[in-house]
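Notes for the structure review
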Amino acid sequence: VIFNNSKEGSLEVAREISELIKKKALKNHQCVLGLATGSSPIKVYEELVRMHREEGLSFQNVVTFNLDEYYPMERSNIQSYHYFMHQHLFNHVDIKPENIHIPDGTVSQDDVQVFCREYEKMIKEAGGLDFQLLGIGRTGHIGFNEPGSHYNSATREITLDHITRVDAAPAFKGLENVPRKAITMGIGTIKKAKRVVLLAWGQNKSEIVKETVEGEISSRIPATYLQEHQNVTFVLDKEAAASL
Ligand code: GLP
C-alpha cells in the first residue's frame, strides 16, 4: 500500500494495531505484538501513545516481543533497543512490565544460546505473534537477519553486516563504536506471525523495497522470504515505492 507520506501510512498501521488490541480485549484475550526499532516505526508508536492518552486505548492485555538487540549491550545505554522502546512507547502506556520482552544484550556469551531458545519458547507459550511490525535495512535484513540467514532460522546471535554497521554509525558516533553482533528473532520466527506489516519510508529504501517485492526469493535478501507469507502488507510512502 502506497501512502502520500510516512505520517499517513503510520496512522493507518497504528489504527490496525489498536483495532486488534481492542478486539482481543473484548474476548479477554492477550494481544501478542512483535515490535521493531529504528526510525521507521517511530510515528506508529507516537500515534499509539496518543490513542492511549486521548482515546483510552489500554495496553493491559498487550504482550510484546521485540525483534532484536545489539550484543553486547547494556539496557541503560541510549543506543540500546531496550532504551528506544521505553522512550518511544513503553514509558507512555499502561503495558504491564512483565509483558515486555526484548532480547537481552547483557547475557554472557556462555548463556546466549540458552537465552535465544528460551525467547522462542516464550513466544510460543504466549500463543505466537498476532502481529509483527517490521522495518527493513539496506542489506534486506528484517530484524537483524542479515544476508545468508536461513528461511527457517530461529532467535540467535548474528554478526552484523558492514553496511548495517555503517548505517548505525551516526547513532553511535563512529563506526568503531557500533557493536559487531546482535541477537535477533529468526526468519522462521517472523514467518510464523499471523500478520506482518513492513514499513519503509524514503528514497533511501526504494532499491531494497523493489528487490524485496519483485526479486527472486533468496537468502541474499532475507526480506524476500516474506513473499511466502500469507498475510503480509508493505506500507510505503511514494519515495520508498518509487522503483517499483
Ligand atoms: C535496524 C533494525 C531493523 C530496522 C532497520 C532499519 O537495523 N535492527 O529492525 O528495520 O534498522 O532502520 P530504519 O527504520 O531506521 O531505517
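Residues numbered from 1 in each chain as written. Predicted model: local features only at pLDDT ≥ 70, side-chain atom pairs only at ≥ 80, totals over all residues.

1. Quick word on the nonpolar core
Soluble globular proteins tend to bury their nonpolar side chains together. Of all hydrophobic cores here, the largest spans 62 residues; its most connected members are Leu134, Val197, Leu198, Leu199 and Ala200. Of the residues forming this core, the biggest block, five residues, is contributed by strand 9 (residues 196-200). When neighbours within four sequence positions are excluded, Leu134 is seen to be in contact with Ala36, Ile142, Val196, Val197, Leu198 and Leu199. (Core = buried A, V, L, I, M, F, W, Y, C linked by C-beta atoms within 7 Å. Buried ≥ 20, exposed ≤ 12 C-beta atoms within 10 Å, placed from the backbone. Helix = DSSP H or I, 4+ residues; strand = E, 2+ residues; numbered from the N terminus. Contact = placed C-beta atoms within 7 Å.)

2. Observations regarding the packing of helix 1 (residues 6-26) against helix 2 (residues 42-55)
Interaxial distance between helix 1 and helix 2 falls to 8 Å at its minimum, and their mutual angle equals 50°. Looking at the two axes, helix 1 sits oblique to helix 2. When the axes of helix 1 and helix 2 are compared, the crossing they make is right-handed. Here helix 1 contributes Ser6, Lys7, Ser10, Leu11, Val13, Ala14, Ile17 and Ser18 to the contact with helix 2, which in turn contributes Lys43, Val44, Glu47, Leu48 and Met51. Among the residues making up the contact of helix 1 with helix 2, the classes are represented as seven nonpolar, three polar and three charged. (Axes fitted to C-alpha atoms, helices over the stretch in contact; angles between N-to-C directions. Parallel < 35°, antiparallel > 145°, perpendicular 65-115°, else oblique. Left-handed = near helix turned anticlockwise from the far one by under 90°. Nonpolar A, V, L, I, M, F, W, Y, C, P; charged D, E, K, R; others polar.)

3. Observations concerning the UniProt feature "active site" (unreviewed entry) in the protein chain
Those places that UniProt annotates as "active site" (unreviewed entry) correspond, in this numbering, to Asp68, His141 and Glu146. Spatially, the listed residues are clustered: although they cover 79 residues, their C-alpha atoms lie within 12.1 Å of one another. Position of Asp68 relative to the elements: it lies in strand 4 (residues 68-71). With residues near it in sequence (within four places) discarded, Asp68 still touches Tyr81, Pro103, Gly143, Phe144, Ala182, Ile183, Thr184 and Met185. In this structure, His141 sits in the loop between strand 6 (131-134) and strand 7 (156-159). Dropping the residues within four chain positions of it, His141 is found in contact with Glu146, Thr164 and Pro222. (UniProt positions renumbered as here; feature names shortened; annotations may be inferred.)

4. Some thoughts on unusual backbone geometry
Cis geometry is found at the peptide bond from Tyr71 to Pro72, where omega equals -5°. Note that Pro72 resides in the loop between strand 4 and helix 3 (81-88). Look at Asn28: it is not a glycine, yet its phi comes out positive at around 60°. Among the structural elements, Asn28 can be located in the loop between helix 1 and strand 2 (31-35). Given 7 C-beta atoms within a 10 Å radius, Asn28 is considered exposed. Despite not being glycine, Lys173 has its phi angle at roughly 55°, a positive value. For Lys173, the position within the fold is in the loop between helix 5 (162-172) and strand 8 (181-184). Look at Lys173 and you get exposed, because 10 C-beta atoms sit within 10 Å.

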